[in-house]
Amino acid sequence: MTAAASRLSYLDPARAEPWASFIEQIDRVAPHLGSLSRWIETLKHPKRILVVDVPIVRDDGAIAHYEGYRVQHNLSRGPGKGGVRFHAAVTLNEVMALAGWMTIKNAALGLPFGGAKGGVRIDPRGFSAAELERITRRYTSEIGIVIGPGKDIPAPDIGTSEQTMAWMMDTYSMNVGHTASGVVTGKPVALGGSLGRQEATGRGVYIAAREAGIRVGVPIDAARVVVQGFGNVGGIAARIFRENGAKVIALQDAEATLCNPAGIDIPAALAHAAAHGSLSGFFGAEPLGEEDFWQLECEYFVPAALEGQLTPERARGLRARVVVEGANGPTTPAADDILHERDILVIPDVLANAGGVTVSYFEWVQDFSSFFWSEEEINDRLESIMMKAFDAIWRLAQERKLSIRTAAFVIACKRVLAAREQRGLYP
Ligand code: GLU
């Protein structure tokens, strides 16, 4: 193959963000893996990629085709696990990176899963509920050959919800001829979903911030918090920060940037967003310039929207003590370096937003055993898994003078690559 032809490969990290960011993170960790670094290439090659056509009849009778993906990045430690994203800008490259981050996240937390992710390139706001149901069902049927309770278990992500998971579970169940509740997580509780799942990611973001704050002397109480993204992660994290005494001084979603130095009334903002679909028009805070948002002085900055938001330029202007990544991949590797030089602590996505998949794990276990836990049990177990992972990662970072991200990747990659080595290559 010529050099020019090889550059066209979907594996080429030079092609586009965010797969390039993931590859760079893997390259950075390679020197810390000892003899296991021999297997590092396995993390740069997704195990299995499925691209599917999703045709539906629109409400007006027109036929429309959409592109869907399911990427199983690595299955060495167990079945694939990761969400499904419905977003107008979803690409294969992005889904590959998101699947890679799931491999790292699941291993860093010690969950018995590999990493996977899916997506459909649509803006869900442009469709009726009936059309979304048809898209979801056709997509699920198309990826039905690679998912299953013991194979790969989807969950919600940006643009998908409990309702999406209910349709996915029903479609898969119809196709296999019996109810298979364990094929997805993040389902409604009435269908075998778990208590506490919906708010688990936001709760985990808060736990990660609190644990970081304890170690670097930045108490949550009275801390100023800035949150980008006001969906299931940012909205709930903001609420829990506030319940614990912090002051959320600024919020940004796809349509509005708002600031109130006295602290935003988060329940009122959540009610507004639920009623209007965005923060736009919320009167409990003043409008702020989109870029000024990145320069507000605060203790905690929580990017909880899309990847690649914290660019080098924004990293240079950021005036936060701690960044807690609610989103997947919000900080580019170059911005990471700048934050490190500027002594701004970053609690990485693979730790900070792992609360969601941790409770997904509990949901999957509950579905298998058909025995359901109380919300208190769920939240206690979430706390204990998150704190154990946080502590191990923090200690490794201190011992070896690594960033928290690199320490998390070292622990995770060692687990994945040790499994790879012990299993060996087939044939
Ligand atoms: N989409 C969430 C994430 O990025 C949850 C995945 C899951 O629960 O499987 O971690």
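This text gives an overview of the structure that appears in the document. (Residues numbered from 1 in each chain as written. Predicted model: local features only at pLDDT ≥ 70, side-chain atom pairs only at ≥ 80, totals over all residues. Heavy atoms only, no water.)

### A few points about the site of the ligand
And step 1. Taken together, 14 residues form the shell around the ligand, and within it Lys-81, Lys-105, Pro-156, Asp-157 and Ser-360 come nearest.
And step 2. Interatomic distance of 3.0 Å between a side-chain N/O atom of Lys-117 and an oxygen atom of the ligand.
And step 3. Within the contact set of the ligand, a nitrogen atom lies 2.8 Å away from a side-chain nitrogen or oxygen of Asp-157.
And step 4. Burial of the ligand by the protein chains amounts to 95% of its free accessible area of 290 Å².
And step 5. Residue assignment for the shell around the ligand shows that the elements contributing at least two residues are α3 (92-109) and α12 (355-369).
And step 6. For the shell around the ligand, a count of residues per class yields 4 nonpolar, 5 polar and 5 charged. (Near = heavy atom within 4 Å. Polar contact = N/O pair within 3.5 Å; in protein donor to acceptor, adjacent residues only side chain to side chain. Areas by Shrake-Rupley, 256 points an atom, 1.4 Å probe, with all protein chains shown as cover. Helix = DSSP H or I, 4+ residues; strand = E, 2+ residues; numbered from the N terminus. Nonpolar A, V, L, I, M, F, W, Y, C, P; charged D, E, K, R; others polar.)

### Quick notes on the pairing of strand β11 (residues 297-303)
And step 1. Most of β11 is tucked away, with 6 of its 7 residues classed as buried.
And step 2. Pairing between strand β7 (residues 224-228) and β11: 4 bridges, direction parallel. Of the residues in β11, the one forming a bridge with Val-225 is Tyr-300.
And step 3. When β11 meets strand β12 (residues 319-324), the two strands line up parallel, connected through 4 bridges. Paired with Tyr-300 across the bridge in β12 is Val-322.
And step 4. Between β11 and its parallel partner β12, the chain crosses via helix α9 (residues 312-317), and the hand of that crossover is right-handed. (Buried < 20%, exposed > 50% of the residue type's maximum accessible area, 1.4 Å probe, protein only. Pairing = 2+ DSSP bridges. Right-handed = clockwise from strand over helix to strand, strands pointing away.)

### What to know about the pattern of salt bridges
And step 1. What the rule picks out here adds up to 35 salt bridges.
And step 2. Here Glu-67 ties to Arg-121 by a salt bridge, and the two come within 3.5 Å at their closest N and O atoms. Of the two residues, Glu-67 is situated in strand β2 (residues 63-74) and Arg-121 in the loop between β5 (115-120) and α4 (129-143); the sequence distance between them amounts to 54 residues.
And step 3. The exposure class assigned to Glu-67 is partly exposed, which follows from its relative accessible area of 34%.
And step 4. For the salt bridge of Arg-215 with Glu-211, the shortest nitrogen-to-oxygen distance reads 3.0 Å. Taken together, the residues span about one helical turn, with Arg-215 and Glu-211 both in helix α6 (residues 200-216) at a distance of 4 residues.
And step 5. Three or more residues are tied together by salt bridges with common partners; here these are Arg-210, Glu-211, Arg-215, Glu-383, Asp-391 and Arg-395. (Salt bridge = Lys/Arg side-chain N within 4 Å of Asp/Glu carboxyl O.)

### Focus on the environment of Glu-341
And step 1. Its place among the elements puts Glu-341 in helix α10 (residues 333-341).
And step 2. In this structure the C-alpha to C-alpha distance between Glu-341 and Ala-271, which are 70 residues apart in sequence, comes to 39 Å.

### Comments concerning unusual backbone geometry
Most peptide bonds take the trans form, and the phi angle of most residues other than glycine is negative.
And step 1. Residue Tyr-426 is joined to Pro-427 through a cis peptide bond whose omega torsion reads 5 degrees.
And step 2. The phi dihedral of Lys-401 is positive, around 55 degrees, even though this residue is not glycine.
And step 3. With respect to the helices and strands, the residue Lys-401 is situated in the loop between α13 (375-400) and α14 (404-423).
And step 4. Judged by relative accessible area, which is 75%, Lys-401 ranks as exposed.

### Focus on the sheet that holds strand β4 (residues 84-86)
And step 1. Taking strand neighbours across the sheet as the criterion, the 4 strands line up as β1-β2-β5-β4 in an open arrangement whose pairing is mixed. The outermost strands of the open sheet, each flanked by one partner alone, are β1 (48-57) and β4. Strand after strand, the sheet turns through a mean of 15 degrees between neighbouring axes, direction not considered.
And step 2. As defined by bridge partners, β1 adjoins β2 across 10 bridges and the pair is classed as antiparallel. Paired with Ile-49 across the two strands is Val-71, which belongs to β2.
And step 3. Strand contacts of α4: β1, β2, β4 and β5, with the helix running at about 145 degrees to β1, the strand carrying the most contacts. (Axes fitted to C-alpha atoms, helices over the stretch in contact; angles between N-to-C directions. Contact = heavy atoms within 4.5 Å.)

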